[in-house]
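Residues per chain, in single letters:
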Amino acid sequence: MKLTTRYNYVNLITTVIVSLITALIYYQAISWILTYQKDKDLKVEEQETFEYVEQNHRLPPVFDTRDQQTIFLEASPGTIKRKFFDTTYFKKWDKDDVKKIKRHHSKGRYEPGRGLVTAVAAGGKYYKVLIIESTVETDDLIQLIFSITIGVILLLLLVLLVANRLILHRLWQPFYNIMKELRLFRLADNRDLPKLDTNIDEFTELNAAVADMAGRAKLDYKDLKIFTENASHELLTPIAVINSKLDSLIQTENFNERQSKLLTDLYGAVSRLNRLNQSLLLLAKIENKLLHEQVKINLKALVEEKINQFEEILQEKKITLKTILNEKEIYANEYLADVLLNNLVNNAIRHNYNSGEIVIELNDDKLVAQNTGNEPELDSERIFTRFHKSSGSEGTGLGLTISKQICESYNFTLTYTFSGIYHTFTVQF
């Protein structure tokens, strides 16, 4: 989950919870305020009743209004306890409700109300006084206020969500730019990481730290590259001297069988060392893009030429070769294209068994080199790493690494798969 998504998720949940709690508190507060106001109105009616009784020594006449009812009931002295309460009462239709009477076919309806129970003495008698006022309008007002509040909260959530999406995306844009540059960063490139134009201190510090790290990595890589190149060039001289001395030694006198075997082993070791040195030099040139001359290459003709070069070895190992070659032209360095094909074909022959089979297919999309072999399925993750080879291999362990580097330098894709007894290397153009 992305950081912005996570932030929006947490922020949205927190906002919803806080908004709901706030809405409930607001609803209760409004209800309490309106109920308090209704109780004050009931107290006024109560006080008017007391004043009327005190002046006239009798109960006031009962006039039931549209939203208020007053009821007097005889009671025993001291049995009535003054209190406010919520209730319902039967509201009769008045003259303005003729249409409602016709529609409902009734004389009234029950409505919610707020009541006050009190007592009064009049004319030598003790009366229970019940005053009830309608709360329909109050409830409607509360519902209206609550609906408006919920609407405002939903609008706020929508605005907050959109604002977070737009603002956070813009705020995090420098971070995404840094990530983009890191993905494009290559040690062999001469391009430095660009400086970001941002007024956010954290991203400025991050960009500076990344640029500093990249600069130090490129310096270390440059030192290592120079060391490797110098070491490879310096190895050429002693290798040439060893070869020359071995040639001179062979021409001096006759050798017995043991001495001949030792000289053969020396020649093999020097030859392998020479191949290794040349492979490392080639890798350095490919990584540093020193072989940049490109020409149009007829890949079909180059494959056929390469097969002819290995014809004797194929006959010697009795390997059956099947080819499906279509016309294909690419723009590449001719030497690197030759190295790539040489490595693939040589690899298919060297790791094959006698009377095995090789299939080479070329079309407009890909080049496939498929061979049988005694080896089980290879590790597709490590097979292209430097110096990785099977225990019985006499190669340098750099052939497939060089092939991979050549393909990457031309935006080709080199992959390995295994099916049954066939090892398959595919160059996807």
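Structure: see above.
These notes cover the structure that comes with them. (Residues numbered from 1 in each chain as written. Predicted model: local features only at pLDDT ≥ 70, side-chain atom pairs only at ≥ 80, totals over all residues. Heavy atoms only, no water.)

Glancing now at the overall build of the chain. In terms of helices and strands, the chain carries ten helices and eleven strands. Counting every position in the chain, which comprises 429 residues, the buried fraction comes to 32%. In the chain, the share of contacts with a sequence separation of at least 24, taken over all contacts with a separation of at least 6, comes to 68%. Within the structure as shown, the chain displays about 28,200 Å² of accessible surface, and the carbon and sulfur contribution to it stands at 56%. (Helix = DSSP H or I, 4+ residues; strand = E, 2+ residues; numbered from the N terminus. Buried < 20%, exposed > 50% of the residue type's maximum accessible area, 1.4 Å probe, protein only. Contact = heavy atoms within 4.5 Å. Areas by Shrake-Rupley, 256 points an atom, 1.4 Å probe, with all protein chains shown as cover.)

Right, let's get into the nonpolar core. Formed by 38 residues in total, the largest nonpolar core has its most connected members in Leu 344, Ile 360 and Phe 425. Elements with a contribution of two residues or more to this core: helix 7 (299–309), strand 7 (329–332), helix 9 (334–350), strand 8 (357–362), strand 9 (366–372), helix 10 (399–409), strand 10 (413–419) and strand 11 (422–428). Ranked by the residues each element gives to this core, the list is headed by helix 9, at nine residues. Discounting residues that sit within four places of it in the chain, Leu 344 has contacts with Leu 367, Ala 369, Leu 414, Phe 425 and Val 427. Membership of the second largest hydrophobic core comes to ten residues, among which are Leu 42, Val 53, Leu 59 and Val 120. (Core = buried A, V, L, I, M, F, W, Y, C linked by side-chain atoms within 4.5 Å.)

This paragraph deals with the packing of aromatic side chains. Using the criterion set out here, one finds six aromatic pairs in the structure. Taken together, a centroid distance of 6.5 Å and an interplanar angle of 35° make the contact between Phe 175 and Phe 203 tilted. Taken as a pair, Phe 175 in helix 4 (residues 173–184) and Phe 203 in helix 5 (residues 201–252) lie far apart in primary sequence, 28 residues in all. Accessibility expressed as a relative area gives 27% for Phe 175, which makes it partly exposed. A ring pair is formed by Phe 412 and Phe 429, whose centres lie 5.2 Å apart and whose planes are at 80°; its orientation type is edge-to-face. (Phe/Tyr/Trp six-rings, centres within 6.5 Å; stacked < 30°, edge-to-face > 60°.)

It is worth spelling out a nonpolar patch on the surface at this point. Residues Leu 155, Leu 158, Val 159, Val 162, Leu 166, Ile 167 and Leu 171 make up a contiguous nonpolar surface patch of about 660 Å² in total accessible area. With respect to the helices and strands, the residue Val 162 is situated in helix 3 (residues 136–171). (Patch = residues over 30% accessible without salt bridge, like charges linked within 9 Å, V, L, I, M, F, W, Y side chains within 5 Å. Salt bridge = Lys/Arg side-chain N within 4 Å of Asp/Glu carboxyl O.)

What describes two packed helices is the angle between their axes and the distance between those same axes. It is the contact of helix 9 with helix 10, at a shortest axis distance of 9 Å, that shows an interaxial angle of 135°. In this view, helix 9 runs oblique relative to helix 10, as classed from their interaxial angle. Between helix 9 and helix 10 lies a crossing of left-handed hand. Counted together, Leu 336, Val 339, Leu 340 and Asn 343 of helix 9 and Gly 399, Ile 402, Ser 403, Ile 406 and Cys 407 of helix 10 form the full contact between these two elements. (Axes fitted to C-alpha atoms, helices over the stretch in contact; angles between N-to-C directions. Parallel < 35°, antiparallel > 145°, perpendicular 65-115°, else oblique. Left-handed = near helix turned anticlockwise from the far one by under 90°.)

Further remarks concern the sheet that holds strand 8. Taken together, five strands build an open sheet; the order of strands is 6-8-9-11-10 and the sheet is mixed. One side of each edge strand has no neighbouring strand; the edge strands of this open sheet are strand 6 (320–325) and strand 10. Here the average twist between neighbouring strands, direction ignored, is 10°. Against the sheet, helix 9 makes contact with strand 8, strand 9, strand 10 and strand 11, and its axis sits at roughly 20° relative to strand 9, the strand it touches most. Strand contacts of helix 10: strand 10 and strand 11, with the helix running at about 130° to strand 10, the strand carrying the most contacts. (Pairing = 2+ DSSP bridges.)

This paragraph deals with helix 7. Taken together, the buried positions of helix 7 are Leu 299, Leu 302, Val 303, Lys 306 and Ile 307. The arc that holds the buried residues of helix 7, viewed along the axis, is 140°, so those residues lie on one side. Buried residues along helix 7 sit in contact with strand 5 (295–298), helix 8 (311–316), strand 6, strand 7, helix 9 and strand 8. (Arc of directions from axis to C-beta.)

Quick look at the pairing of strand 8 now. The two faces of a sheet get side chains in turn, since along a regular strand they alternate between them. Counting buried positions over the six residues of strand 8 gives five, a clear majority of the element. Taken together, the five bridges between strand 8 and strand 9 define a ladder with antiparallel strand orientation. In the sheet register, Val 359 faces strand 9, and the bridge partner there is Gln 370. Where strand 8 hands over to strand 9, the hairpin turn is made up of three residues, counted between the paired strands.

Unlike most non-glycine residues, His 57 shows phi in positive territory, near 60°. Its location among the elements puts His 57 in the loop between helix 1 (3–56) and strand 1 (68–74). Of the residues examined, His 57 reaches a relative accessible area of 59% and is grouped as exposed. One non-glycine residue, Asn 411, lies in positive phi territory at about 60°. Judged by its relative accessible area of 70%, Asn 411 falls in the exposed class.

Within the secondary structure, Glu 304 sits in helix 7. Taking the C-alpha atoms as reference points, Glu 304 and Leu 325, 21 residues apart in sequence, are found 8.8 Å from one another.

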